Amino acid sequence: MSINLEHISKSYGKIEALKDISFKVHPGELFGLIGPDGAGKTTLFRILTTLLIADEGKANVTGFDVVKDYKNIRKSVGYMPGKFSLYQDLTVEENLTFFATIFGTTIEENYELIKEIYVQIEPFKKRRAGKLSGGMKQKLALCCALIHKPKVLFLDEPTTGVDPVSRKEFWEMLKRLQQKGITILVSTPYMDEAALCDRIALIQGGEILEIDTPINIVKHYPKAIYNIGSKDMYELLQKLKGFENTYTMYPFGEFVHYTDKRDDFNPNELQQYLEENGLKEITIEKTKATIEDTFMELAK
Amino acid sequence: MKRLGYIIQKEFKQIFRNKSMLPIIFVMPLIQLLILANAATFDVKNIKFGYIDYDHSSTSRALIEKFHASTYFNVVANYPSQKLANESMQKGSVDVLLEIPSYFERNLQNEKFNNLGVTINAIDGAAAGVENVYVTQIIQSFNKKLMIDLLQVSDQSQVQPINITTIPSFWYNKTLNYKTFMVPGILVLLVTMITLFLSGMNIVREKEIGTLEQINVTPIKKSQFIIGKLFPFWIIGLALLTVGLIISKLVFNVPMVGSLVLMYFYTSIYILVVLGIGLFISNFTDTQQQAMFIAWFFMVIFILMSGLFTPIESMPKWAQYLTEFNPIKYFVEVMRMVMLKGSGFVDIIPQLSKTLLYAIVMNGLAVWSYKKTN
């Protein structure tokens, strides 16, 4: 097992950040922690990277206990905190050399691993890290986290605040790193990224709601979901809220995702209700549940 | 060793890249040294002097003339009445008032005794004390002359009064130049201030920008990181001392009687104390602002209780015990001893051993309280 958590709990004063968390991450797996801000993702990362000691429970990373063998863990994991935390006043090259030196290695030694990513920022290697764009900062941070060839990579919200193109690139990079045998634990608040993981854990309020592959998680969704569209989005939401059989409804892109309380729901009935209420250009069609739908359902 | 070397190299790079940092480190202290050493004088001069002469005799005029002649007093006004004189004292246009009563001269000749009224603005107690001494000196010398005059008039055969005069010889600072006294002290402050603030804020800064978190997940050793962080400031402290000493010599011509090697030896240990305090502060704060305020709190107490501006001997007993914990006190003492008196290694052993102990305790505490995990 690459990462193994057993009944981990952590409180900050009266606030319970993590409640009895247990899960396993297999070697070479790309595991996603999906949850909103404040769900406890960062706390979990800090416990696994030996920065924080849990109140209860046991955890180990690559076979080392996070409390007793923290020294070995620090040698064999890479951590990229959510906040950009490299030296802004050092250049790209200096940052990389600094982390390589601290880990007792050199850029040349592990160049193979970071090559693909590093070539993209190499033209700017004399530029100070603070002057890089958001996407390039992410790439540099990833290089720094990889420079000592870690067995496990911890990425805490790596794509928050990064443009869609860079986000896509970033996930492609993660996929390639995974192929090189690195176990990756990544957290994200974006549900669309969850689908790219091997397995995901949905986390909220310090508790794990569900752990499974993205496909299975979606399958578990109990209800039929309908995409409802109309010209006047606001009116549509208001009217759906007033409908007696509405089970859930929330805006999803240009549509509203709707589920009905009853199992034998007839879309025509709803269409009629909405038309009576003066809505125009109504479309109702069945759609597949997404991870976001599942999350919303589980988090209720 | 390679790691440590690179951390030190990195720190220096960061210090020298910070455009606002370099002037703060080197230019500001020197400007302070130049300004403070010239301005922080204990001499009381240009005293605003006023008088009320109810007597209008030749003797009273002769006494006033004495004040005119003094370089310390500026005779600003002659008041016709006590009321007007008090008003100007209230306004602050006069600091010392001399009241010569009516029949001053006549009573002096008849009764050989008289009183003068002296009023001093004592908001600044220390200055008032000095002013009192000046006034007394002038009146005494006037008195002596008067006595001789009176004696000559009344009885020629009477024995001359015995006069005891003292001729002081001022050691270590022959001309009583206050700059000789102040410059080494101010230099101490500057070295302390800069090294304390820089070291106190440095690690907090890494906390603030989040790099400490990244560093903490690396196999770097606590000792390597701390030494790597503090060593540059140790060097900067010694560099500051060097620049300060050069200025003391060239600009203020402060004598350097003692051994420079001894001074550097002591300073190198002293800076360890300051760095230890700085590190300790940064361990218990989360932002540079907090660190700055705490550093200031200690700095102000250290400065005021260092014996630099006020002698420790005149503090209350409890305060004197407190000064035992003030590293600046020892540095000021050693600096003055070595520079002005030429004290040797044996003479500074008490200060040196206390400083060394302080350094060990402070750094021990700092390293102990520095945690990579929280």
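Definitions and cut-offs
- Residues numbered from 1 in each chain as written.
- Chains lettered and ligands numbered in written order.
- Predicted model: local features only at pLDDT ≥ 70, side-chain atom pairs only at ≥ 80, totals over all residues.
- Helix = DSSP H or I, 4+ residues; strand = E, 2+ residues; numbered from the N terminus.
- Rg over C-alpha atoms; globule rule 2.2 N^0.38 Å.
- Buried ≥ 20, exposed ≤ 12 C-beta atoms within 10 Å, placed from the backbone.
- Contact = placed C-beta atoms within 7 Å.
- Domains from an automatic or database assignment.
- Pairing = 2+ DSSP bridges.
- Nonpolar A, V, L, I, M, F, W, Y, C, P; charged D, E, K, R; others polar.
- pLDDT = per-residue confidence, 0-100.
- Expected span 1.5 Å × (residues − 1).
- Axes fitted to C-alpha atoms, helices over the stretch in contact; angles between N-to-C directions.

Moving on: the overall build of chain B. Regarding its fold elements, chain B presents 14 helices and four strands. Relative to the 2.2 N^0.38 estimate, which gives 21 Å for 374 residues, the radius of gyration of chain B is 29 Å and therefore markedly larger than a compact globule would have. Once the C-alpha set of chain B is aligned to its principal axes, its extents read approximately 95 × 45 × 40 Å. For chain B, the residues scored as buried account for 32% of the 374 residues in total.

Now for the overall build of chain A. Looking only at helices and strands, chain A has eleven helices and 14 strands in total. For chain A, the C-alpha atoms occupy an extent of roughly 70 × 45 × 35 Å along the three principal directions. The buried share of chain A, taken over its 300 residues, is 41%. Long-range pairs, those at least 24 residues apart, make up 71% of the contacts in chain A between residues at least 6 apart in sequence.

Reports of interface size often rely on the accessible area that becomes lost once the parts have come together. Partitioning chain B into domains gives domain 1 (2–40 + 177–369) and domain 2 (47–154). Between the C-alpha centres of domain 1 of chain B and domain 2 of chain B the distance comes to 49 Å.

Moving on to the pairing of strand β14 (residues 283–287) of chain A. All names here are of chain A. Along β14, only zero of the five residues are buried, which leaves the element largely exposed. Relative to β14, strand β11 (residues 225–229) runs antiparallel, the two being bridged by five bridges. Following the sheet pairing, I228 is matched in β14 by I284.

Moving on: the interface of chain B and chain A. Contact residues are listed per partner, giving 20 residues for chain B and 21 residues for chain A. With seven residues, helix α1 (residues 2–17) of chain B is the largest single contributor of residues to the side of chain B that touches chain A. Class assignment of the residues belonging to the side of chain B that touches chain A gives a composition of five nonpolar, nine polar and six charged.

Across chain B, pLDDT averages 85, with 94% of residues at or above 70. Within chain B, no element has a lower average pLDDT than helix α6 (residues 125–154) of chain B, which sits at 79, and none a higher one than helix α10 (residues 260–283) of chain B, at 93.

This next bit is on helix α13 (residues 327–341) of chain B. Residue and element names in this part refer to chain B. An ideal rise of 1.5 Å per residue puts 21 Å on 15 residues; α13 measures up with 20 Å between its terminal C-alpha atoms. Within α13, twelve of the 15 residues are buried, which leaves it mostly tucked inside the rest of the structure. Three or more residues of α13 are buried, namely P327, I328, K329, Y330, F331, V332, V334, M335, R336, M337, V338 and M339. Where the residues of α13 are buried, they touch α7 (178–209), α10, α11 (288–304), α12 (317–323) and α14 (349–369). Among the residues trailing α13, G342 stands out with phi positive, at a value near 75°.

All names here are of chain A. Assigned domains within chain A: domain 1 (3–219) and domain 2 (225–298). Summarising the inter-unit geometry, the C-alpha centres of domain 1 and domain 2 are found 37 Å apart. Between domain 1 and domain 2, the residue contacts involve ten residues of the former and seven residues of the latter. Those elements that place two or more of their residues in the side of domain 1 that touches domain 2 are α7 (191–194), β10 (207–212) and α8 (214–219). Looking at the side of domain 1 that touches domain 2 element by element, the count peaks at three residues for α8. Of the residues that constitute the side of domain 1 that touches domain 2, the class distribution is nine nonpolar, no polar and one charged.

Residues and elements named next belong to chain A. Taken in spatial order, the four strands of this open sheet run β12-β13-β11-β14, and their pairing is antiparallel. Of all strands in the sheet, those with a lone pairing partner are β12 (246–252) and β14, marking the two edges. The mean angle between the axes of side-by-side strands here comes to 30°, regardless of whether they run parallel or antiparallel. One ladder, built from three bridges, connects β11 with strand β13 (residues 255–260); its direction is antiparallel. Bridge pairing in β13 places N227 opposite H257.

The subject of this paragraph is unusual backbone geometry. The backbone of H7(A) shows a phi angle near 50°, a positive value even though the residue is not glycine. Here H7(A) lies in strand β1 (residues 3–12). Notably, N46(B) is not glycine yet its phi reads approximately 55°, a positive angle. Relative to the helices and strands, N46(B) resides in the loop between α2 (21–39) and β1 (47–53). You can call N46(B) exposed: it has 11 C-beta atoms within 10 Å.

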